[in-house]
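Understanding the architecture of this molecule
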Amino acid sequence: MTAVDRDRGAELVSVNPVTGAVVGRFPVHGAADVAAALERARAAAGWWAKLGADERRARLLRWAAYLAGQDGELVALLHEENGKVAADARIELLTALEHIRWAARQARRVLRTRRVLPGPFLADHTARVEYRPLGVVGVIGPWNYPILTPVGSIAYALAAGNTVVFKPSEHTPALGTRLARTFAEANPDAPAGVLGVVTGFGATGAALCAAGVDKIAFTGSAATGRAVMAACASTLTPVVVECGGKDPMVVADDADTRAAARAAAWGAMSNGGQTCAGVERVYVTRAAAEPFLAELRRALDGIHPGAGPDASYGPMTMPGQLDVVRRHVDDALAHGAYALVGGRKSVGEVFVEPVVLVDVPEDSAAVQEETFGPTLTVRTVADVDEAVELANGTAYALGATVFSRRHGDEIASRLDAGMVSVNAVLSFAAIPGLPFGGSGESGFGRVHGPEGLREFARPRSVATRRLALPGTTLTTFRRPPGLLAAVARAARLRHGGARRARGDSAPPPA
Ligand code: NAD
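Just so it is clear, the structure is predicted and the values come from calculations on it, not from any experiment.

Remarks on the packing of helix α1 (residues 31–69) against helix α3 (residues 86–110)
Between α1 and α3, the least distance of the axes is 8 Å, while the angle of their chain directions is 170°. Between α1 and α3, the crossing angle belongs to the class labelled roughly antiparallel. Of the residues in α3, those touching α1 at A53, D54, R57, L60, L61, W63, A64, L67 and A68 are L97, I100, R101, A104, R105 and R108. Split into classes, the residues belonging to the contact of α1 with α3 amount to ten nonpolar, no polar and five charged.

Structural data, given as structure tokens:
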């Protein structure tokens, strides 16, 4: 969490969200500092790209090993600066390590030069697609997963041969600078700019958007995502935009209601509910509702926030988020919902106890807007059709969860979501080979997986003529008379135009 030391001017003071103790002081970098960081990254870009996929893989795996060796300190810092409990911090860290490993090991295969069939009219050619690094990628990160989320872009951008300038959230600058430092410590011979870092508030992020990087990978709120896109528009800087969600869970008649309830409890409350793809809404069919609600109450029995070792999850990292959570709970209760667990008094000054709101009107803020707190809405529906319709009824489309013993995949296929977990929660985020991202207010583009590597690569198409058979070149003014007509006849045959001309209604040959 952050405070600004007004007496000292442009300084970012990171404080523990529970105790208020100072975690660290960081510069507020302006446009000139960002330009200098970009220059360092540009200077390192040629060196890093020329290393090749195998050497980059070795260096990224060394980074992962170094991070793994520091897990105790990193978990402690995640707790100190973000507030998350050790379990949440460990899960974040081990998932981040898996992503570095996957990106490092798979980049060569995913981004290898690919042969493409040239087609019959250019049969004398060979064709290929090469994947080149973009150059320098600017990564702008949020505070809720201050290691995992940036790693989801940084590791993939580095593996694809780019260098990176990283702007961590103003709420977690100590974690952001530490992350960049570990890369340098694991690779002491690498130039400084391979993974650089700039600290500051939104203006520093805006300066990075305007600095002339080759792509911005932004993760944060949709409102900021729009500002990032607007800033990048003037230079046509491409962007990948990962924003929030209002992720639903569908619990069908044939669900294992205990497993579903435990998954909903963890998916909604872990990390204090501050998970972009956390479960925020449950739609449970009438047949499953009673056992599900009973199991949900049991699953949340004794679950509580805190800063001590027995706490289930930590505080609201960002004080402003408390107002959002309070407004959503108040609004839901004022509009006829009842609280199965917790209630108005659950929203404290630093911590929020678990809140489960039942039968909240679908048009209320608690159902339509991202709450980003340890709250959950549950609605009983007639059947899966109604559940799917309501699940698809927000402006977001990030992740979703389905619990059904027999129809999980079929229900999953009907949900508007970039990612779905069936009979488990949030699994898609921890499987590095799966692309991560959404649509609508959840943003666009993908991190993780092969698509996440290709986000940070520029395809280059090369067509090479191998044989120059006399009299077969169409793309010349000196083409032989009759060649174009012969090709046109062949095209008519190929696409079924001859049959059409005869009035034959059969489909063209494949
Ligand atoms: P935020 O939008 O407030 O800030 C994100 C980052 O953008 C910060 O580093 C901030 O300094 C920077 N920023 C602010 N204004 C900027 C500007 N004008 N130009 C450039 N950068 C600017 O978001 P947050 O509160 O840090 O993060 C929470 C949000 O992130 C939630 O909505 C959450 O769902 C989302 N999130 C999404 C994912 C995902 O992968 N889809 C992952 C984690 C978090």
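Alright, that's what it looks like, and here's the rest.
Digging into the environment of Q368
Here Q368 is to be found in helix α11 (residues 365–368). By relative accessible area, which is 26% here, Q368 ends up partly exposed. Each C-alpha atom of the pair Q368 and L78 lies 30 Å from the other, and the pair is 290 residues apart in sequence. In contact with Q368, other than residues within four places in its own chain, are K246, E362, D363, G393, T394 and Y396. Polar contacts involving the side chain of Q368 include one to the main-chain carbonyl oxygen of E362, which spans 2.7 Å.

Re a nonpolar patch on the surface
On the surface, I91, L94 and W266 cluster together into a nonpolar patch covering about 280 Å² of accessible area. Structurally, W266 is set in helix α8 (residues 257–269).

Some details on the site of the ligand
Inspection of the region around the ligand gives 29 residues, with K167, E170, T224, C243 and E370 positioned closest. Between the ligand and E170, the relevant distance is 2.6 Å, taken from an oxygen atom to a side-chain nitrogen or oxygen of the residue. The side chain of S221 places a nitrogen or oxygen atom 2.7 Å from an oxygen atom of the ligand. Burial of the ligand by the protein chains amounts to 88% of its free accessible area of 860 Å². Elements supplying a minimum of two residues to the shell around the ligand: α6 (202–210), β9 (215–219) and α7 (222–233). Grouping the constituent residues of the shell around the ligand by class yields 14 nonpolar, eleven polar and four charged.

About the cut-offs
- Residues numbered from 1 in each chain as written.
- Predicted model: local features only at pLDDT ≥ 70, side-chain atom pairs only at ≥ 80, totals over all residues.
- Heavy atoms only, no water.
- Axes fitted to C-alpha atoms, helices over the stretch in contact; angles between N-to-C directions.
- Helix = DSSP H or I, 4+ residues; strand = E, 2+ residues; numbered from the N terminus.
- Parallel < 35°, antiparallel > 145°, perpendicular 65-115°, else oblique.
- Contact = heavy atoms within 4.5 Å.
- Nonpolar A, V, L, I, M, F, W, Y, C, P; charged D, E, K, R; others polar.
- Buried < 20%, exposed > 50% of the residue type's maximum accessible area, 1.4 Å probe, protein only.
- Polar contact = N/O pair within 3.5 Å; in protein donor to acceptor, adjacent residues only side chain to side chain.
- Patch = residues over 30% accessible without salt bridge, like charges linked within 9 Å, V, L, I, M, F, W, Y side chains within 5 Å.
- Areas by Shrake-Rupley, 256 points an atom, 1.4 Å probe, with all protein chains shown as cover.
- Salt bridge = Lys/Arg side-chain N within 4 Å of Asp/Glu carboxyl O.
- Near = heavy atom within 4 Å.

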